[in-house]
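Inside the fold
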Amino acid sequence: MRSLTWQEVWSRRLARHALVAPRPKEDMGEVVRAVCGVHAQMLPAAELSLGLRLVGATRQDVQAALWKRRSLVKTYGLRGTIHLFPSDELPMWVAAFRANRRPDEARWLAQMGLEMAQKEAIITAIGGALDGRCLTREELGLEVARRVGSWATDAVSPAFGGQWPRWLITLGAAANAGLLCFGPNQKGKVTFTRPDQWLGSWKEVESATALKMIFRRFLSTYGPATSQDFAQWFGMPPRTALALMRELADELEEVEVEGHHAWLLASEAEASWAPVSDVARLLPHFDCYLIGCFPRDRLVPSAWAKRVLKQGGIGNLPVVVVDGVVAGLWQQRRSGRRVEIVVEAFQPLSGDQHQQLEAAARRIGEIVETESVFSLGTVDARPHL
């Protein structure tokens, strides 16, 4: 069994994420492909995640890839949250999500005020309503009600301390069925459209094949990892992830990282990983590196875990990463036409690390297309931009 150090592992993961050496902005789609999608519940955070991995890219480049070139697509993805994926891979992701139905779905739907047949009727109605059209949320709700009945718009589904109309909780399922993705905003309003029509082509992928492809990609970018790591990242029952890993056993190799046992693709296990050091980076809310890296107690040292995780799970706060490990927090403070980037390091910074964080702050200003100012100080950690 091959033995590795954590420094080697973090160095490998940083490199796979283009966080050691950013790639040309023309490689935006390839970067999104490599990191297995970019979390986009808050699009400005996704724009930062990508911009920090690409040379010279701004938020306008990300938006052009989404709404003009359509090389990226925004849809419901991992764990039911909104993600950006390469457009040519959307059928693969959809097939994998479709195969990952929650085992307690009927009970969950009942708690949300829906029957299985009603859910399927709404999904069919959504597909029909979006045929050849791009509709706002309000327009889509009215069209669904017209097709299946007003019961679909009854606000009976508990969500975020209130109640949503029944049809709204099926959006993720409609996306997993390949019938819905996001379109460009209209006067500040979210819109939805049909991905097969929006993207111009659609080639179905068999679900079991799709899951294996994504498992391999995950190990390549976030490995060494365990089946439990994949289950948590993908939003899959642990036993299902374990069965998937066993199906691919001939392609995997177990490694030991300072007492921690995990797996890599056998084809990559013997690669020479030159460990890097003195690498300091700023990562935004819900950056894919934070969400996909395990184990958490190695990613966030115990000395400051309470501070980093006090707002909930990993990713809820923008963080400083030094040599692959969380080592501080940062925040944006708007001041007129400038943005102030305030960094709170939990450990002493070397001169080179300080310069890298200053450069990262300048880069954030370039991405959001405004002047940025860097300073060290105490951060008032907040879970939103």
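The sections below set out a description of the structure shown in this document.

Rules used throughout
Residues numbered from 1 in each chain as written. Predicted model: local features only at pLDDT ≥ 70, side-chain atom pairs only at ≥ 80, totals over all residues. Heavy atoms only, no water. 1 Å grid on protein atoms, 1.4 Å probe; cavity = no way out; pocket = protein on both sides within 12 Å on 5 of 7 lines; lining within 4 Å. Points joined across faces, edges and corners; volume = space filled by probe spheres on them. Helix = DSSP H or I, 4+ residues; strand = E, 2+ residues; numbered from the N terminus. Nonpolar A, V, L, I, M, F, W, Y, C, P; charged D, E, K, R; others polar. Disulfide = S-S within 2.5 Å. Buried < 20%, exposed > 50% of the residue type's maximum accessible area, 1.4 Å probe, protein only. Pairing = 2+ DSSP bridges. Axes fitted to C-alpha atoms, helices over the stretch in contact; angles between N-to-C directions. Contact = heavy atoms within 4.5 Å. Polar contact = N/O pair within 3.5 Å; in protein donor to acceptor, adjacent residues only side chain to side chain.

1. Let's talk about the layout of surface pockets
- Of the pockets and cavities examined, the largest pocket occupies roughly 1300 Å³.
- Taken together, 38 residues make up the lining of the largest pocket; nearest its centre are Gly80, Ile169, Gly172, Ala173 and Asn176.
- Of all the secondary-structure elements, those providing two or more residues to the lining of the largest pocket are α5 (90-99), α6 (105-111), α7 (116-129) and α9 (171-176).
- For the lining of the largest pocket, the element with the most residues is α9, which contributes 4 residues.
- In the lining of the largest pocket, the residues fall into 21 nonpolar, 9 polar and 8 charged.
- Around the second largest pocket, the lining comprises 16 residues; the ones closest to its centre are Pro22, Leu52, Arg281, Ala360 and Arg363.
- Elements represented by at least two residues in the lining of the second largest pocket include exactly β4 (54-55), β14 (280-283) and α18 (351-368).
- Here the lining of the second largest pocket is built from residues that sort into 11 nonpolar, 3 polar and 2 charged.

2. A closer look at the state of the cysteines
- Per the stated rule, a full pass over the model turns up 0 disulfides.
- In this model Cys181 remains outside any disulfide bridge; the closest cysteine sulfur is found in Cys134, 8.3 Å from its own.
- Of the residues examined, Cys181 reaches a relative accessible area of 0% and is grouped as buried.

3. Looking at the sheet that holds strand β3 (residues 38-39)
- The strand order across the open sheet built from 3 strands is β3-β6-β5, with neighbouring strands paired in antiparallel fashion. Looking at strand neighbours, the two that pair on one side only are β3 and β5 (72-76), the edges of this open sheet.
- Relative to strand β6 (residues 82-86), β5 is paired through 5 bridges, and the arrangement is antiparallel. What sits directly across from Thr75, in β6, is His83.

4. Observations concerning the packing of helix α1 (residues 6-16) against helix α11 (residues 207-222)
- Put simply, α1 and α11 touch, their axes get as near as 8 Å, and they point 115 degrees apart. For the pair α1 and α11, the contacting residues are Arg12, Arg13 and Arg16 in the first and Leu219, Ser220, Thr221 and Tyr222 in the second.
- Taken together, the residues of the contact of α1 with α11 break down into 2 nonpolar, 2 polar and 3 charged.

5. What to know about the pairing of strand β13 (residues 260-265)
- In this structure, strand β12 (residues 252-257) lies alongside β13, joined through 6 bridges in antiparallel fashion. Looking at β13, one finds that Leu252 is bridged to Leu265.
- Adjacent in sequence and paired antiparallel, β12 and β13 are bridged by 2 residues, among which Glu258 carries a positive phi angle near 50 degrees.

6. Focus on the side chain of Glu268
- Locating Glu268 in the fold gives a position in helix α14 (residues 266-269).
- Within the structure, Glu268 has its side chain in polar contact with the side chain of Ser220 (distance 2.9 Å).
- Contact partners of Glu268, with chain neighbours within four places excluded, come to Arg12, Arg16, Ser220 and Trp273.

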